[in-house]
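What follows is each chain in one-letter form.
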Amino acid sequence: MEDHKIVQRNIALQREWYGEPLGDRVRRLVVAFDVSQAYLAEVLGISAPMLSQVMSGRRAKIGNPVVLARLIMLERKVLTPEVAAGSKAAIRAALEDVKNARPTVSRDAFPVGAGPDDQAVLAALREVAEDESLVDAAERLDTDFPAIADLLRRAGKGA
């Protein structure tokens, strides 16, 4: 199979498995945390070349579930008020927290469930918007930003 066909197939698989191409997700984290791709790879616990291959579609998946769990943890930390406001100290703390995390993944326990950070984010969202508005926003964002849509939906339903 030609290289570009392999890449297109892998990106299509990423959309199916992860909701969107991993390159999009990782680029948002690089921008949000104002870090290099190499440093983000270190935080996630993956080599920089491997992260580059996943981002470009030369590889379809993140094989290590702990790395995926850390990626999701970082995506959620972007939504905390201090990180979202650009606090350098909060950003450093969030990166270190995820880098030092040792999440375990099993059928019964997914490591990035509603923890204290999630509860604070959900509460903050409920303070600034009505339930119906949060659910409406979730529907609008669902296609392009499924993780954010899920968070808004959970806040809107009072979960």
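Structure shown above.
Everything numeric in this text was worked out from a predicted model, so none of it was measured. (Residues numbered from 1 in each chain as written. Predicted model: local features only at pLDDT ≥ 70, side-chain atom pairs only at ≥ 80, totals over all residues. Heavy atoms only, no water.)

Caption draft 1: Structural view of the packing of aromatic side chains. Applying the stated criterion across every chain yields a total of one aromatic pair. Aromatic pair Trp17 and Tyr18: ring centres 6.4 Å apart, planes at 90°, arrangement edge-to-face. Taking the relative accessible area as the measure of exposure, Trp17 reaches 43% and is therefore partly exposed. (Phe/Tyr/Trp six-rings, centres within 6.5 Å; stacked < 30°, edge-to-face > 60°. Buried < 20%, exposed > 50% of the residue type's maximum accessible area, 1.4 Å probe, protein only.)

Caption draft 2: Just the packing of helix α5 (residues 65-77) against helix α7 (residues 88-100), in detail. Look at α5 against α7: their axes get within 10 Å of each other, and the N-to-C directions meet at 160°. Relative to α7, the element α5 lies roughly antiparallel. Crossing handedness for the pair α5 and α7: right-handed. For the pair α5 and α7, contact is made by Arg70, Met73, Leu74 and Lys77 and by Ala94, Leu95, Asp97, Val98 and Lys99, respectively. Among the residues forming the contact of α5 with α7, the class breakdown is five nonpolar, no polar and four charged. (Axes fitted to C-alpha atoms, helices over the stretch in contact; angles between N-to-C directions. Helix = DSSP H or I, 4+ residues; strand = E, 2+ residues; numbered from the N terminus. Parallel < 35°, antiparallel > 145°, perpendicular 65-115°, else oblique. Left-handed = near helix turned anticlockwise from the far one by under 90°. Contact = heavy atoms within 4.5 Å. Nonpolar A, V, L, I, M, F, W, Y, C, P; charged D, E, K, R; others polar.)

Caption draft 3: Just the side chain of Arg70, in detail. Tracing the backbone through its elements, the reader meets Arg70 in helix α5. Lacking a salt bridge, the buried Arg70 has Asp97 as its closest oppositely charged neighbour, with an N-O distance of 9.7 Å. Among the polar contacts made by the side chain of Arg70, one reaches the main-chain carbonyl oxygen of Ala101 at a distance of 2.8 Å. Excluding its chain neighbours within four sequence positions, the residues that come into contact with Arg70 are Val43, Leu44, Gly45, Val98, Lys99, Ala101, Arg102 and Pro103. (Lys, Arg positive; Asp, Glu negative; His and termini not counted. Salt bridge = Lys/Arg side-chain N within 4 Å of Asp/Glu carboxyl O. Polar contact = N/O pair within 3.5 Å; in protein donor to acceptor, adjacent residues only side chain to side chain.)

Caption draft 4: Summary view of the packing of helix α2 (residues 22-33) against helix α4 (residues 48-56). Taken N-terminus to C-terminus, the directions of α2 and α4 make an angle of 125°; their axes are 7 Å apart at the nearest point. Classified by the angle their axes make, α2 and α4 are oblique. Residue-level contacts link Leu22, Gly23, Val26 and Arg27 of α2 to Leu51, Val54 and Met55 of α4. When the residues that make up the contact of α2 with α4 are grouped by side-chain class, the tally is five nonpolar, one polar and one charged.

Caption draft 5: Molecular detail of α2. Along its twelve residues, α2 runs 16 Å from first to last C-alpha, staying within 8% of the 16 Å computed at 1.5 Å per residue. For α2, every residue scored as buried is listed here: Leu22, Gly23, Arg25, Val26, Leu29 and Phe33. Along the axis of α2, the buried residues cluster in a sector spanning 165°; they form a single face. The inward-facing, buried residues of α2 abut α1 (3-18), α3 (37-44), α4, α5, α6 (81-84) and α7. Once α2 ends, the next one or two residues include Asp34, with phi positive near 50°. (Expected span 1.5 Å × (residues − 1). Arc of directions from axis to C-beta.)

Caption draft 6: Layout of the nonpolar core. Grouped together as the largest cluster of nonpolar side chains are 28 residues, with contacts concentrated most on Phe33, Leu44, Leu71 and Leu74. Elements with a minimum of two residues in this core: α2, α3, α4, α5 and α7. Counting residues per element, this core draws most heavily on α5, which supplies six residues. In this structure Phe33 touches Leu74, Lys77, Val78, Val83, Ile91, Ala94 and Leu95, once residues within four positions along its chain are discounted. Of all hydrophobic cores here, the second largest spans nine residues; its members include Leu122, Leu134, Leu151 and Ala155. (Core = buried A, V, L, I, M, F, W, Y, C linked by side-chain atoms within 4.5 Å.)

Caption draft 7: Just the pattern of salt bridges, in detail. Applying the stated rule across the entire model yields nine salt bridges. The salt bridge partner of Glu20 is Arg28, with a shortest N-O separation of 2.5 Å. Its relative accessible area of 7% is what places Glu20 among the buried residues. Its salt-bridge partner being Glu42, residue Lys99 comes within 2.5 Å of it at the nearest N-O pair.

From the geometry alone we can't say anything about function, so treat these as descriptive.
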